[in-house]
Amino acid sequence: MKKILLFCDPGIDDSLAIMYALLHPNLEVVGIVSSYGNVPQEKATNNAAYLLKLAGREDIPLIGGAKGPLSGEITVYYPEIHGPEGLGPIRPPETIVGELLNYDRVFDIIEKYKGELTIVDVGRNTSLAIAFILGEEHMKKVKEYFIMGGAFLVPGNVTPVAEANFHGDPIAANLVLSKAKNVTIVPLNVTNEAIVTSEVVDYITQVPFNPFTSLIQPIFEFYADAYLELVPGMNGAPMHDVLTLSALTKPEVLQYIERPVTVQILEDTRGQSVTDFRPGWEPEPTDLLHHVALELDYQLFIHDFVDVMTKSLNE
Ligand code: BDR
Ligand code: CA
């Protein structure tokens, strides 16, 4: 059983990732940190709380994360992709959040599960960067990190070169990548290919398998329609954040190279993830290497997605 502390910004694909994590028999969610990103932090938190309530898992600590990037800049949200509240057409009850825990609870969780905790970050990296700023000694006790972010030698999704999570707070992304040990990066190269179609969702939702079944269809259709606007002819939508969890539970789903990655901070290249792909490249002794996913086994992913999303909570 893998213990995960999930940093996220739900958001539709984040919400599907939360469902996937709660349904997965080999994952134990030991905390959720909800931050700004796809929607403002308050909405992201409300959505996370709503999903925990639907699952009857209000016992899982929900921690309030960052409300904006380290630079203090004004944030751009994405209601056209994730809906006005972050759940497509769904409006969760407004005051769903029960006990929202202070940020230092992150360190309590790391200490409780020291040496065996996986941190998964599928949002802007601000909250995780703050953990390194406030508690670097604690962070050394984290076993591994799985981060959805970046785009390598392929177009970005918010600028020609940048992916949304790294672009949203490039200072934080760079800080995390320079400090965290044992980092797996799951970039757009592979997440753009992790497409789920309406047919797959129809299959998942035809039987009331679990407490999320009635939510999955409307949020997915909203998300897929938004992608169809962006990419005419597109059939389905990419599960960026779900793939990051799938990679954690089913390592064969992705193939990796080992490289030191940095993130550009300024102007036109802001948020761009950079490494060296030249043939013959060798690491320097001082390089901190990251596992960078560049190839997806789609069949393995889609079977894993269907398998997990059709489980019931107590399996
Ligand atoms: C990432 O940005 C967000 O919009 C998604 O939730 C995902 O984490 C993809 O670039
Ligand atoms: Ca996300």
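Residues numbered from 1 in each chain as written. Chains lettered and ligands numbered in written order. Predicted model: local features only at pLDDT ≥ 70, side-chain atom pairs only at ≥ 80, totals over all residues.

- Going by what an unreviewed UniProt entry lists, the protein chain is known as Nucleoside hydrolase and is assigned to Alkalihalobacterium chitinilyticum.

## Describing the overall build of the protein chain
Consideration 1: Each helix and strand in the protein chain was counted, giving 12 helices and 12 strands.
Consideration 2: Whereas a compact globule of 315 residues would reach a radius of gyration of roughly 20 Å, the protein chain reaches 18 Å, a difference of no more than 12%.
Consideration 3: For the C-alpha atoms alone, the extent of the protein chain along its principal axes is close to 55 × 45 × 40 Å.
Consideration 4: When each of the 315 residues of the protein chain is scored for burial, the buried share is 47%.
Consideration 5: Contacts spanning at least 24 positions in sequence make up 83% of the contacts within the protein chain whose residues lie at least 6 apart. (Helix = DSSP H or I, 4+ residues; strand = E, 2+ residues; numbered from the N terminus. Rg over C-alpha atoms; globule rule 2.2 N^0.38 Å. Buried ≥ 20, exposed ≤ 12 C-beta atoms within 10 Å, placed from the backbone. Contact = placed C-beta atoms within 7 Å.)

## Quick word on the site of ligand 1
Consideration 1: Ligand 1 sits among 14 residues. The nearest are Gly11, Asp13, Glu163, Ala164 and His240.
Consideration 2: Looking at the shell around ligand 1, the elements with two or more residues in it are helix H1 (12-23), helix H6 (164-168) and helix H11 (240-249).
Consideration 3: Its residues assigned to classes, the shell around ligand 1 comprises 4 nonpolar, 6 polar and 4 charged. (Near = placed C-beta within 6 Å. Nonpolar A, V, L, I, M, F, W, Y, C, P; charged D, E, K, R; others polar.)

## What to know about the sheet that holds strand E4 (residues 117-121)
Consideration 1: Here 8 strands make up an open sheet; going across it, the order is E3-E2-E1-E4-E5-E6-E12-E9 and the pairing mixed. The open sheet terminates on both sides in strands that have one partner only, identified here as strand E3 (62-64) and strand E9 (254-259). This sheet shows a mean twist of 25° between the axes of neighbouring strands, independent of strand direction.
Consideration 2: The strands touched by H1 within the sheet are strand E1 (2-8) and strand E2 (27-34), with E1 carrying the most contacts at an inclination of about 165°.
Consideration 3: Seen against the sheet, H11 touches E1, E2, E4, strand E5 (144-148), strand E6 (183-186), E9 and strand E12 (290-296) and runs at an angle of roughly 150° to E5. (Pairing = 2+ DSSP bridges. Axes fitted to C-alpha atoms, helices over the stretch in contact; angles between N-to-C directions.)

## Brief notes about the packing of helix H4 (residues 105-112) against helix H5 (residues 126-139)
Consideration 1: Look at H4 against H5: their axes get within 10 Å of each other, and the N-to-C directions meet at 25°. In terms of axis orientation, H4 runs roughly parallel to H5. Considering how the two elements wind past one another, H4 and H5 form a crossing that is right-handed. In contact with Val106, Phe107, Ile110 and Glu111 of H4, H5 contributes Ala131, Gly135 and His138.
Consideration 2: Its residues assigned to classes, the contact of H4 with H5 comprises 4 nonpolar, 2 polar and 1 charged. (Parallel < 35°, antiparallel > 145°, perpendicular 65-115°, else oblique. Left-handed = near helix turned anticlockwise from the far one by under 90°.)

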